[in-house]
Protein chains: 2
Amino acid sequence: MTVAGFMSSRPDPQAVATAIGILTQRFGERLSTSQALREQHAHTTTWIPVEAPDAVVFAESEADVVETVRVAAEYGVPIIPFGTGTSLEGHVNAHFGGISIDTSRMNRLLAVHAEDLDCVVQPGITRKLLNEQLRDTGLFFPIDPGADASLGGMAATRASGTNAVRYGTMKDNVLAMRVVTADGSVVKTAQRARKSSAGYDLTRLFVGSEGTLGVITEITLKLAGIPEAIAAGSCTFPSVKAAADAVIVTIQSGIPVARIELLDEVQVRSVNAYSKLSLPEQPLLLLEFHGTDAWVAEQSERFGEIAADHGGGPFAWVTKPEDRTRLWQARHDVYWASLGLRPGAKGLSTDVCVPISRLADCIAETKADIEAFGLIAPIVGHVGDGNFHVLPLIDMDSPAEIATAERFVGRMVERAIAMDGTCTGEHGVGSGKMKYLEKEHGAPALMAMRAIKAALDPKGIMNPGKIVAAG
Amino acid sequence: MTVAGFMSSRPDPQAVATAIGILTQRFGERLSTSQALREQHAHTTTWIPVEAPDAVVFAESEADVVETVRVAAEYGVPIIPFGTGTSLEGHVNAHFGGISIDTSRMNRLLAVHAEDLDCVVQPGITRKLLNEQLRDTGLFFPIDPGADASLGGMAATRASGTNAVRYGTMKDNVLAMRVVTADGSVVKTAQRARKSSAGYDLTRLFVGSEGTLGVITEITLKLAGIPEAIAAGSCTFPSVKAAADAVIVTIQSGIPVARIELLDEVQVRSVNAYSKLSLPEQPLLLLEFHGTDAWVAEQSERFGEIAADHGGGPFAWVTKPEDRTRLWQARHDVYWASLGLRPGAKGLSTDVCVPISRLADCIAETKADIEAFGLIAPIVGHVGDGNFHVLPLIDMDSPAEIATAERFVGRMVERAIAMDGTCTGEHGVGSGKMKYLEKEHGAPALMAMRAIKAALDPKGIMNPGKIVAAG
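Residues numbered from 1 in each chain as written. Chains lettered and ligands numbered in written order. Predicted model: local features only at pLDDT ≥ 70, side-chain atom pairs only at ≥ 80, totals over all residues. Heavy atoms only, no water.

**A short note on the environment of Ser196(A)**
Here is step 1 of the chain: With respect to the helices and strands, the residue Ser196(A) is situated in the loop between strand S9 (186–188) and helix H8 (202–206).
Here is step 2 of the chain: When the C-alpha atoms of Ser196(A) and Thr404(A) are compared, they prove to be 47 Å apart, with 208 residues separating the residues in sequence.
Here is step 3 of the chain: Setting aside chain neighbours within four positions, we find Ser196(A) in contact with Arg158(B), Thr422(B), Thr424(B), Gly425(B) and Glu440(B).
Here is step 4 of the chain: At a separation of 2.8 Å, a polar atom in the side chain of Ser196(A) contacts the side chain of Thr422(B). (Helix = DSSP H or I, 4+ residues; strand = E, 2+ residues; numbered from the N terminus. Contact = heavy atoms within 4.5 Å. Polar contact = N/O pair within 3.5 Å; in protein donor to acceptor, adjacent residues only side chain to side chain.)

What follows is the structure in structure tokens.
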């Protein structure tokens, strides 16, 4: 450890062993050092190699987390919070070893305040389980990053997904949290009021901090009413530019579209093959509208006119649940459908986000790069936010292919940043995108982030080697 | 200065004089030490006495701000950012003297990106000037705190206002900022993309930091499309509880109400007298709906049904601009109308915010207190957010009355906190509400805030004596 807040090498193995010994006495079988379990807790779905922790603690309460962090702090041992392991940029890797705190057993819905449209959850509850448990209340939690992630992980990575265009991201939907910080204190970031001007916004500081400032132990979430009516539809466009322009006009018109997803023609081809469909192999928009019967009909018709103005269409929409499900199945299956484009390969999921006016250009230049690099890489995007994903299909046993993919991602990120965009719209930084942070934010902002990290975690034990660590 | 980040006494007068001398050479007539100007820049609309700065610098560029901060940092002199001076909790007071940086000349709209629904402004532009300049674009900036505040001040205090229930607060509408921090660095908090998961959320950290972490020099703001149709209406209720219950059902139903304001019967009485109206002297809700013609009609009708279910009504709504203006005039005039309830007295504006389920109770208990304390204090609230204002009318020459008002506010704040609410929903902390922060957030959260302050402003020169300073 050389600089306050930043670990630069593995801690003394004897100190780690002592800490694990103390925690074993405390947790018994809830602490594991089995290799399989340790590796599973550093599972990562990028090219980043697995870096296993020294031990995994299955926490069942905030007190368990506090105790684990206190012991780790005393012995200078890293702490890596773990939810479901669905993050994409090496967030759960144990770069300097240490203790993975698995929060999956802390998965209770603690309270529902229906009148206030909020609920309180433990961090290990997944979004599907949460929505199942909310079903009888007429409310739902709208953020859907695709994977059945834990709410703690979603908060930690500032996740969003298909309906962020309407409901916002995790930064907009977390009202308050309890967080165990590096000295074992429990910080309550806010009260349950809808808004406050009382002091620094600790909630938003911990949302997206990826475990580097503390371990989330409780989250108060905004909920939304289940819409009375939902309409969904799809629409083919002659080009990505035409589709993006239709999206811009839709948003400008104030149509409160709930989802607006773009699949490029490569992605459509994969979906056709996977799902035995015969969609025209052109850019496709999938949309969803939430409201009353009359209002979703009006929104759908207005969008249909906008689509026609941009050469798209015809726009057909449906409202029956089974019809909607069939329509969205294609979107939900894109990951598996994509893999079918190159059997045996793995998908290297990456994302950027740009101002929506630059989206068509950014995608066009990215597609030119895909061709130039000889990659197979379908594109799917949350285009209402200017956010899109590319999934290069890579032979993970080929260092040359991985290197090519890394160069491709680097160019894509630099392109997005040059367009006033960000290196990641929703996946987070982890260790995979650390090297782009200074380019995106500039040195003074990165220094401010590092000063905050050092102030809240002077020993640098909280998820070291991530986000603001030196690249 | 005893603790990093926190000034505890006035700096050496010689150092202040030297700093002012250097800055006078640099700025000439743009630096003033006239007593009238200094006092005007510490004007405060609460009971908090005026504490004038030693000098006022009229900044015309970010470079001016950087230079002023660098000199102040070198000599350990406080910096107090100033917009329009409409804050309510002593935010612009110079508790330890120092230099007020007046940003009112930095009032340009730098760029409008209509396709992206955003714009870039200097901090001194006021919201009315901004909306005038945006008029031809079909876009508007929705946040309306009442006063014609500067956008820099609104960001610094995390302002909101009547239509936050639909459009959010400043935390939701600032995409990015440039901020001059305590060492004269310029931190760019984010790119212009709609969302990002790239690093700590510096934007939200600086929003609401009230000048204690830096001076805002540029803001990128989200804009909204001017609605095609606006409907406004009003509705009387038999009790605050009935009105609050109608609000809860309205929000739960997903009706995207743009404004929903409560006036208690005392406030209605003041408005009747001031505006020569004859509204029933009962709790009144004023509402506004934004959308298409069909959609605002549907929203208005649905609200009318909800109101009737709660004993309210009849709910009459209008869409013509002149009719809407007449309706809202009563709301806009509440401050002046209130003063008419006790000629010669001044209004001591305070606010709290609670979960909406507790709003009726909180207001009822507050009204009981108003009676017990013998105060005249009308109530007006942004009830969709659970936020309400009380305006005790006080003889500011009477220390006894001021002390009574302070006790009343203290009880109101403690009541709000006990209901899981906040000591201020939108006014901010300044020096007026510092003493409640630990009660609201708890010691660990306050310590985390102080650690952040010390990390970003180790000499404690940025607006000292505010928010997280020792009470």
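The rest of the description comes next.
**A closer look at the nonpolar core**
Here is step 1 of the chain: Membership of the largest hydrophobic core comes to 192 residues, with the highest contact counts inside it found for Met170(A) and Met170(B).
Here is step 2 of the chain: Not counting residues up to four positions away in its chain, the partners in contact with Met170(A) are Phe141(A), Ile143(A), Leu151(A), Met154(A), Ala155(A), Arg158(A), Ala159(A), Val207(A) and Leu221(A). (Core = buried A, V, L, I, M, F, W, Y, C linked by side-chain atoms within 4.5 Å. Buried < 20%, exposed > 50% of the residue type's maximum accessible area, 1.4 Å probe, protein only.)

**Re the relation of the copies chain A and chain B**
Here is step 1 of the chain: Least-squares fitting of chain A to chain B yields an RMSD of 0.0 Å, with the superposition described by an axial translation of 0.0 Å and a rotation of 180 degrees. Here the symmetry operator amounts to a two-fold rotation axis.
Here is step 2 of the chain: A high fraction, 100%, of the interface residues of chain A reappear at the interface in chain B, so the copies pair face to face through one surface. (Least-squares fit on C-alpha atoms with pLDDT ≥ 70 in both.)

**Let's talk about unusual backbone geometry**
Here is step 1 of the chain: Following Gly313(A), the chain continues to Pro314(A) via a peptide bond in cis, the omega torsion being -5 degrees.
Here is step 2 of the chain: Located in the positive-phi region is Asn463(A), a residue other than glycine, with phi close to 40 degrees.
Here is step 3 of the chain: By the secondary structure assignment, Asn463(A) is in the segment after helix H17 (443–456).
Here is step 4 of the chain: The buried category is assigned to Asn463(A), whose relative accessible area is 3%.
Here is step 5 of the chain: Here Arg158(B), not a glycine, exhibits a phi torsion of approximately 55 degrees, which is positive.
Here is step 6 of the chain: Residue placement: Arg158(B) occurs in the loop between helix H5 (151–156) and helix H6 (164–167).

**A closer look at the side chain of Thr236(A)**
Here is step 1 of the chain: In this structure, Thr236(A) sits in strand S12 (residues 229–236).
Here is step 2 of the chain: What Thr236(A) contacts, discounting residues up to four positions off in sequence, is Pro280(A), Gln282(A), Pro283(A), Leu284(A), Gly311(A), Gly312(A) and Gly313(A).

**A look at the interface of chain A and chain B**
Here is step 1 of the chain: Counting from both sides, the interface comprises 79 residues of chain A and, opposite them, 79 residues of chain B.
Here is step 2 of the chain: The largest per-residue losses of area from chain A upon contact with chain B belong to Lys195(A), Ser197(A) and Tyr200(A), which jointly make up 15% of the total buried on that side.
Here is step 3 of the chain: At the boundary of chain A with chain B, the tally comes to 8 salt bridges.
Here is step 4 of the chain: At the surface where chain A touches chain B, the tally comes to 46 residue pairs in polar contact (both at pLDDT 80 or more).
Here is step 5 of the chain: In terms of residue class, the side of chain A that touches chain B is made up of 33 nonpolar, 26 polar and 20 charged. (Buried area = accessible area lost by both parts, 1.4 Å probe. Salt bridge = Lys/Arg side-chain N within 4 Å of Asp/Glu carboxyl O. Nonpolar A, V, L, I, M, F, W, Y, C, P; charged D, E, K, R; others polar.)

**What about a nonpolar patch on the surface?**
Here is step 1 of the chain: Where nonpolar side chains cluster on the molecular surface, the patch consists of Tyr274(A), Tyr335(A) and Trp336(A) and spans about 340 Å² of accessible area.
Here is step 2 of the chain: As for its position among the elements, Tyr335(A) is in helix H13 (residues 334–339). (Patch = residues over 30% accessible without salt bridge, like charges linked within 9 Å, V, L, I, M, F, W, Y side chains within 5 Å. Areas by Shrake-Rupley, 256 points an atom, 1.4 Å probe, with all protein chains shown as cover.)

**Considerations on the domain arrangement of chain A**
All names here are of chain A.
Here is step 1 of the chain: According to the domain assignment, chain A consists of domain 1 (13–104 + 446–456), domain 2 (109–225), domain 3 (229–336) and domain 4 (338–431).
Here is step 2 of the chain: Just the C-alpha atoms count here: the centres of domain 1 and domain 4 sit 30 Å apart.
Here is step 3 of the chain: The interface of domain 1 with domain 4 comprises 7 residues on the first partner and 13 residues on the second.
Here is step 4 of the chain: Taken together, both faces of the contact between domain 1 and domain 4 bury some 850 Å²; the carbon and sulfur share is 61%.
Here is step 5 of the chain: Summed over the three residues of domain 1 that lose the most area to domain 4, namely Trp47, Leu88 and Glu89, the buried surface amounts to 69% of that side.
Here is step 6 of the chain: Counting across the domain 1 and domain 4 interface gives 0 salt bridges.
Here is step 7 of the chain: For the interface between domain 1 and domain 4, the tally reads 4 residue pairs in polar contact (both at pLDDT 80 or more).
Here is step 8 of the chain: For the side of domain 1 that touches domain 4, the residue count by class is 3 nonpolar, 3 polar and 1 charged. (Domains from an automatic or database assignment.)

**Quick look at the pattern of salt bridges**
Residues and elements named next belong to chain A.
Here is step 1 of the chain: Tallying each qualifying case throughout the model produces 64 salt bridges over all chains.
Here is step 2 of the chain: Between Glu261 and Arg331 there is a salt bridge, with its nearest N and O atoms 2.7 Å apart. Of this pair, Glu261 sits in strand S13 (residues 259–263) while Arg331 sits in helix H12 (residues 321–332), placing them 70 residues apart in sequence. The same class applies to Glu261 and to Arg331, which are both buried.
Here is step 3 of the chain: One salt bridge in this structure joins Asp264 and Lys367, with 2.6 Å as the shortest N-O distance. Pair noted here: Asp264 is in the loop between S13 and helix H10 (265–275) and Lys367 is in helix H14 (residues 359–372), with a separation of 103 residues, a long-range link.

**Focus: helix H3 (residues 62–75) of chain B**
Residue and element names in this part refer to chain B.
Here is step 1 of the chain: Between its first and last C-alpha, H3 extends 20 Å over 14 residues, near the 20 Å set by a 1.5 Å rise per residue.
Here is step 2 of the chain: Buried within H3 are the following residues: Asp64, Val65, Val66, Thr68, Val69, Val71, Ala72 and Ala73.
Here is step 3 of the chain: At the exit of H3 stands Gly76, carrying a positive phi of roughly 65 degrees. (Expected span 1.5 Å × (residues − 1).)

**Some thoughts on the sheet that holds strand S15 (residues 316–318) of chain B**
All names here are of chain B.
Here is step 1 of the chain: The antiparallel open sheet is built from 7 strands, whose spatial order is S15-S12-S14-S13-S18-S19-S17. Of all the strands in the sheet, just S15 and strand S17 (350–353) have a single pairing partner and so form its edges. For this sheet the average axis-to-axis angle between neighbouring strands, irrespective of direction, equals 20 degrees.
Here is step 2 of the chain: Of the strand pairs in this sheet, S17 and strand S19 (residues 387–390) are connected by 4 bridges, and their pairing is antiparallel. Each bridged residue has a counterpart across the sheet, and for Asp351 the counterpart in S19 is His389.
Here is step 3 of the chain: In the packing of helix H12 (residues 321–332) onto the sheet, contacts are made with strand S12 (229–236), strand S13 (259–263), strand S14 (284–291), S15 and strand S18 (379–382), and the angle to S12 comes to roughly 45 degrees. (Pairing = 2+ DSSP bridges. Axes fitted to C-alpha atoms, helices over the stretch in contact; angles between N-to-C directions.)

**So, the UniProt feature "domain: FAD-binding PCMH-type" (unreviewed entry) in chain A**
Here is step 1 of the chain: Look at the UniProt record and you will see "domain: FAD-binding PCMH-type" (unreviewed entry) annotated at residues 49–226 of chain A.
Here is step 2 of the chain: From the first C-alpha to the last, residues 49–226 of chain A spans 41 Å; its make-up is 23% helix and 24% strand. (UniProt positions renumbered as here; feature names shortened; annotations may be inferred.)

**Considerations on the packing of helix H1 (residues 13–27) of chain A against helix H3 (residues 62–75) of chain A**
Packed helix pairs are characterised by how far apart their axes lie and by the angle those axes make with each other.
Residues and elements named next belong to chain A.
Here is step 1 of the chain: For the pair H1 and H3, the least separation of the axes is 9 Å and the interaxial angle reads 155 degrees. The pairing of H1 with H3 is recorded here as roughly antiparallel in orientation. Between H1 and H3 lies a crossing whose hand is right-handed. Between H1, through Ala15, Thr18, Ala19, Ile22, Leu23, Arg26 and Phe27, and H3, the contact on the second element is made entirely by Asp64, Glu67, Thr68, Val71 and Tyr75.
Here is step 2 of the chain: Partitioning the contact of H1 with H3 into residue classes produces 7 nonpolar, 2 polar and 3 charged. (Parallel < 35°, antiparallel > 145°, perpendicular 65-115°, else oblique. Left-handed = near helix turned anticlockwise from the far one by under 90°.)

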